[in-house]
Amino acid sequence: MIDRPTIETLIHDFYLDIRRDGLLGPVFAGVIGDDWGVHLGRMVEFWSTVMLGTRSFRGNVFGKHMAIPGVRAEHFLRWLTLWHHHTDRLFDAATAGELQRTAHGIARNLFHGFFGEFPSFVMRDGIAIGHVPEESPAP
């Protein structure tokens, strides 16, 4: 089951791993610095809005992310891998799957903003191992 307390646990545990991660930690530290309390609170509100319909988040997610320098495709793979790890650990398969599909959609749109293509992320055993461009719709 997903509710606000489980979202809070997910976000706090997930971003603790982000901060410790050798690939993602420096990217986030460059933007957030030491002010993780504010970021964690915003992420709880974001995921509560997305998953619970609370409408408690206001902000320009796309614009904020597009301003981050040095983002590379492998950052998306690592972010998704950590997300899968935490959602699989905390939730039943159906709820984890819903959270993962949502995260893939968010990552897909942000990836497009950075690199100009909409990817499908390739997962193997909960690890994002690559991405492939999505098929263009038939005319």
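Residues numbered from 1 in each chain as written. Predicted model: local features only at pLDDT ≥ 70, side-chain atom pairs only at ≥ 80, totals over all residues. Heavy atoms only, no water.

1. As for the overall build of the chain
This is how it is decided: Helix and strand definitions here come from DSSP, where helices need a minimum of 4 consecutive H or I residues and strands a minimum of 2 consecutive E residues; each element is numbered from the N-terminal end. Radius of gyration: C-alpha atoms only; globule rule: 2.2 Å multiplied by the number of residues to the exponent 0.38. Only protein chains enter the accessibility calculation, which uses a 1.4 Å probe. A residue is then buried if its area is under 20% of the maximum for its type, exposed if over 50%, and partly exposed in between. Two residues qualify as a contact provided that any one of their heavy atoms is within 4.5 Å of a heavy atom in the partner residue. Using a 1.4 Å probe, the Shrake-Rupley method yields the accessible areas, and only the shown protein chains count as cover for residues. Charged-residue counts in this description rest on Lys and Arg as positive and Asp and Glu as negative, His and the chain ends being excluded. A single reference atom marks each charge: NZ on Lys, CZ on Arg, CG on Asp, CD on Glu.
Scanning the chain from N- to C-terminus turns up six helices and two strands. Helices and strands appear in the chain in the N-to-C order α-α-α-α-α-α-β-β. Relative to its length of 139 residues, the chain is compact, with a C-alpha radius of gyration of 15 Å against a globular reference of 14 Å. Counting only C-alpha atoms, the chain reaches 45 × 35 × 30 Å along its principal axes. For the chain, the proportion of its 139 residues judged to be buried stands at 38%. Pairs at least 24 residues apart make up 61% of the contacts formed inside the chain by residues separated by at least 6 positions. Of the roughly 7800 Å² of accessible surface on the chain, a fraction of 56% belongs to carbon and sulfur atoms. The average position of the 13 basic charges and that of the 16 acidic charges among the side chains of the chain differ by 4 Å.

2. Quick notes on the nonpolar core
Going by this rule: We call a set of buried residues a nonpolar core when its members are Ala, Val, Leu, Ile, Met, Phe, Trp, Tyr or Cys and they connect through side-chain atoms within 4.5 Å of each other.
Ile11, Tyr15, Ile18, Trp47 and Trp79 are the most contacted members of the largest nonpolar core, which totals 38 residues. The set of elements that each furnish at least two residues to this core consists of α1 (4-20), α2 (24-32), α3 (36-52), α5 (73-90) and α6 (93-115). Those residues in contact with tyrosine 15 that lie beyond four places of it in its chain are Phe28, Trp36, His39, Leu40, Met43 and Trp79.

3. Some thoughts on α2
Which entries qualify depends on this criterion: The reported arc concerns the directions from the helix axis to the C-beta atoms and nothing else.
Looking at α2, one finds that the buried residues are Leu24, Gly25, Val27, Phe28 and Ile32. Around the axis of α2, the buried residues are gathered within 165° of arc, so they sit on the same side. Facing away from the buried surface of α2 by more than 90 degrees, the exposed residues are Pro26 and Gly30. In this fold, the buried residues of α2 make contact with α1, α3 and α5. Downstream of α2 by a residue or two, glycine 33 has a phi angle that is positive, lying close to 65°.

4. Section: the pairing of strand β1 (residues 119-124)
Here is the key point about a regular strand: its side chains alternate between the two faces of the sheet. The test is simple: Only strands that DSSP links by at least two bridges are regarded as paired with each other.
Note that β1 and strand β2 (residues 127-133) share six bridges and pair antiparallel. Within β2, the residue paired with valine 122 across the bridge is glycine 130.

5. Considering the environment of leucine 99
Within the secondary structure layout, leucine 99 lies in helix α6. Distance in space between the C-alpha atoms of leucine 99 and histidine 84 is 8.6 Å, their sequence separation being 15 residues. With residues near it in sequence (within four places) discarded, leucine 99 still touches Ile2, Leu10, Trp47, Met51, Trp83, Thr87 and Phe91.

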